[in-house]
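# A closer look at the structure
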Amino acid sequence: MAFAFFSLNVELCILAFVVCSSAQLSPTFYQNTCPNVSSIVGQVLQQALQKDSRMAASLIHLFFHDCFVNGCDGSVLLSNSANFTGEQTNTSSLRGFGVVDDMKAAVENECSATVSCADILAIAAERSVSMSGGPSWNVQLGRRDSTTANATLVKTAFASPTDSLSTIITKFQKLGFSVTDVVALSGAHTIGRARCQTFSSRLYNFSGTAKPDPTLNSCYLSTLQSACPQNGNMSSITSFDPGTPNTFDNNYFINLQNNMGLLQSDQELLSTTGASTIFTVNEFSNSQANFFSNFSNSMIKMGNISPLTGTRGEIRLNCWKVNG
Ligand code: HEM
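Conventions adopted
- Residues numbered from 1 in each chain as written.
- Predicted model: local features only at pLDDT ≥ 70, side-chain atom pairs only at ≥ 80, totals over all residues.
- Heavy atoms only, no water.
- UniProt positions renumbered as here; feature names shortened; annotations may be inferred.
- Domains from an automatic or database assignment.
- Contact = heavy atoms within 4.5 Å.
- Buried area = accessible area lost by both parts, 1.4 Å probe.
- Salt bridge = Lys/Arg side-chain N within 4 Å of Asp/Glu carboxyl O.
- Polar contact = N/O pair within 3.5 Å; in protein donor to acceptor, adjacent residues only side chain to side chain.
- Helix = DSSP H or I, 4+ residues; strand = E, 2+ residues; numbered from the N terminus.
- Nonpolar A, V, L, I, M, F, W, Y, C, P; charged D, E, K, R; others polar.
- Disulfide = S-S within 2.5 Å.
- Buried < 20%, exposed > 50% of the residue type's maximum accessible area, 1.4 Å probe, protein only.
- Near = heavy atom within 4 Å.
- 1 Å grid on protein atoms, 1.4 Å probe; cavity = no way out; pocket = protein on both sides within 12 Å on 5 of 7 lines; lining within 4 Å.
- Sits in = over half its atoms within 2 Å of the grid points.
- Lys, Arg positive; Asp, Glu negative; His and termini not counted.
- Phe/Tyr/Trp six-rings, centres within 6.5 Å; stacked < 30°, edge-to-face > 60°.

- The chain carries the name Peroxidase in an unreviewed UniProt entry, which gives Picea sitchensis as its organism.
- Word for word, the UniProt comment on the chain under Subcellular location (unreviewed entry) is "Secreted".
- Reading the Function (unreviewed entry) entry of the UniProt record for the chain gives the comment "Removal of H(2)O(2), oxidation of toxic reductants, biosynthesis and degradation of lignin, suberization, auxin catabolism, response to environmental stresses such as wounding, pathogen attack and oxidative stress."

## A short note on the domain arrangement of the chain
- Taken domain by domain, the chain comprises domain 1 (37-156) and domain 2 (157-299).
- Computed from C-alpha atoms alone, the centre-to-centre distance between domain 1 and domain 2 is 23 Å.
- On the side of domain 2, 19 residues touch domain 1, which itself brings 24 residues to the contact.
- Across the interface of domain 1 and domain 2, roughly 1,900 Å² is buried in total on both sides, 69% from carbon and sulfur atoms.
- Joining domain 1 to domain 2, the criterion identifies zero salt bridges.
- At the junction of domain 1 and domain 2, the tally comes to six residue pairs in polar contact (both at pLDDT 80 or more).
- For the side of domain 1 that touches domain 2, the elements supplying multiple residues, two or more each, are α3 (55-67), α5 (117-131) and α6 (151-157).
- The greatest single-element share of the side of domain 1 that touches domain 2, amounting to six residues, is contributed by α3.
- A per-class count over the side of domain 1 that touches domain 2 returns 13 nonpolar, nine polar and two charged.

## Let's talk about the state of the cysteines
- Taken as a whole and judged by the stated rule, the model has four disulfides.
- What pairs with Cys34 in a disulfide is Cys111, and their sulfur atoms sit 1.9 Å apart. Around the S-S axis, the bridge from Cys34 to Cys111 shows a dihedral of about 55° and counts as right-handed. Of this pair, Cys34 sits in the loop between α1 (2-22) and α2 (37-51) while Cys111 sits in the loop between α4 (97-110) and α5; the two residues are 77 residues apart in sequence, bridging distant segments of the chain. Considered together, Cys34 and Cys111 belong to a single accessibility category, that of buried residues.
- The disulfide bridge from Cys196 ends at Cys228, spanning 2.0 Å between sulfur atoms. Around the S-S axis, the bridge from Cys196 to Cys228 shows a dihedral of about -80° and counts as left-handed. Here Cys228 lies in the loop between α9 (218-227) and β2 (237-239) and Cys196 lies in the loop between β1 (193-195) and α9, a separation of 32 residues in the sequence.

## Some points on the site of the ligand
- The environment of the ligand is formed by 26 residues, the closest being Arg54, Ser58, His189, Arg193 and Arg195.
- Within the side chain of Arg54, an N or O atom sits 2.8 Å from an oxygen atom of the ligand.
- Ser58 has a polar side-chain atom sitting 2.7 Å from an oxygen atom of the ligand.
- According to the grid-proximity analysis, the pocket containing the ligand is the largest pocket.
- Only α3, α7 (165-174), α8 (179-186) and β1 provide two or more residues apiece to the shell around the ligand.

## Thoughts on the side chain of Arg316
- Tracing the backbone shows Arg316 in the segment after α13 (288-303).
- Although Arg316 is buried, it makes no salt bridge; Asp145 carries the closest opposite charge, 4.5 Å away.
- Within the local environment of Arg316, its side chain forms a polar contact with the backbone oxygen of Cys319, the two atoms lying 3.0 Å apart.
- Those residues in contact with Arg316 that sit more than four places away from it in its chain are Asp73, Gly74, Ser75, Leu77, Leu78, Lys104, Cys117, Asp145, Ser146, Lys321, Val322 and Asn323.

## Quick look at the packing of aromatic side chains
- Under the definition given, this model contains 18 aromatic pairs.
- With 4.9 Å between their ring centres and 55° between their planes, Phe248 and Phe295 make a pair best called tilted. Taken together, the residues Phe248 in the loop between β2 and α10 (251-257) and Phe295 in helix α13 connect sequence positions 47 residues apart.
- Relative accessible area serves as the criterion here: at 0%, Phe295 is assigned to the buried category.
- An aromatic cluster of at least three residues, connected via ring pairs, comprises Trp137, Phe248, Tyr252, Phe253, Phe284, Phe291, Phe292 and Phe295.

This is how it looks when you write it as structure tokens:
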């Protein structure tokens, strides 16, 4: 009897280990099944960057939007279907879907039905950072693709650029991020562009004051007002980092010190009185190496949000739609 109980216990432990270990992502997940996946994705990205220097930023942005809605499961890539509304319906800021398709096609060509769209996004984000001059890290792999999307969640999952710092921190903390992660991940705004509509409220009538946001550097304010005239085209785009718009560096934090954060949510990290983020902003502006190592860790953390592993989900053959 005692032996049977002991044996059952051992079996339960082994079962728990198998279940738990199958839920772990690993950098060597495709070592035997698709060893070149990272370089295949990198090659497609390199070609895409020759045509469009913004693409690295757009792919990092896409990965962030995938992970924050029900985890990193490729759901952001799904189009509308008879069974659900695609997440793209509720966001107008995403781009790069065609490049992800090209990456998927190139990967399928070498290792068919093996690598998930969710993992392609994770690799594309890391390659994008690295190929823009930023850090590289060992991408954790083994995610599978969702068979559904959640367009409703898109409306609540993301902080708005006009949210207060405390609202933004709360949204990130709900997903397990620390204040340091919030600062590090915001540093992704060292590359890429934003539309006038996302920061125009700072330029003319900030919070109903009929004046610009007082935290804006006056010279930068004039530049932004010329780029986004009142009643002008709200879809015009402006670089987050005017100095080195396509280089992944720590200039984002130096810009904040010069009151040149583009979004209200950027500048708040430094300009909110008594904020818990101020120390880290100054730290990252003093040390790019420090920013890079924290950014890498925070991106790995983001990539670990609720992945589908083991037999959950599927390996989509076409990133736009579920199999079958
Ligand atoms: C802290 C909360 C955040 C807010 C409020 C925010 C807000 C925004 C906004 C408003 C835009 C411009 C969108 C447009 O005009 O179409 C943008 C772009 C971007 N965001 Fe964020 N973001 C946040 C966090 C993040 C995170 C965590 C990442 C990735 C780690 C990220 C990466 C990017 C990138 C790379 C772009 C440029 C995309 C492009 O040029 O195509 N953002 N963000």
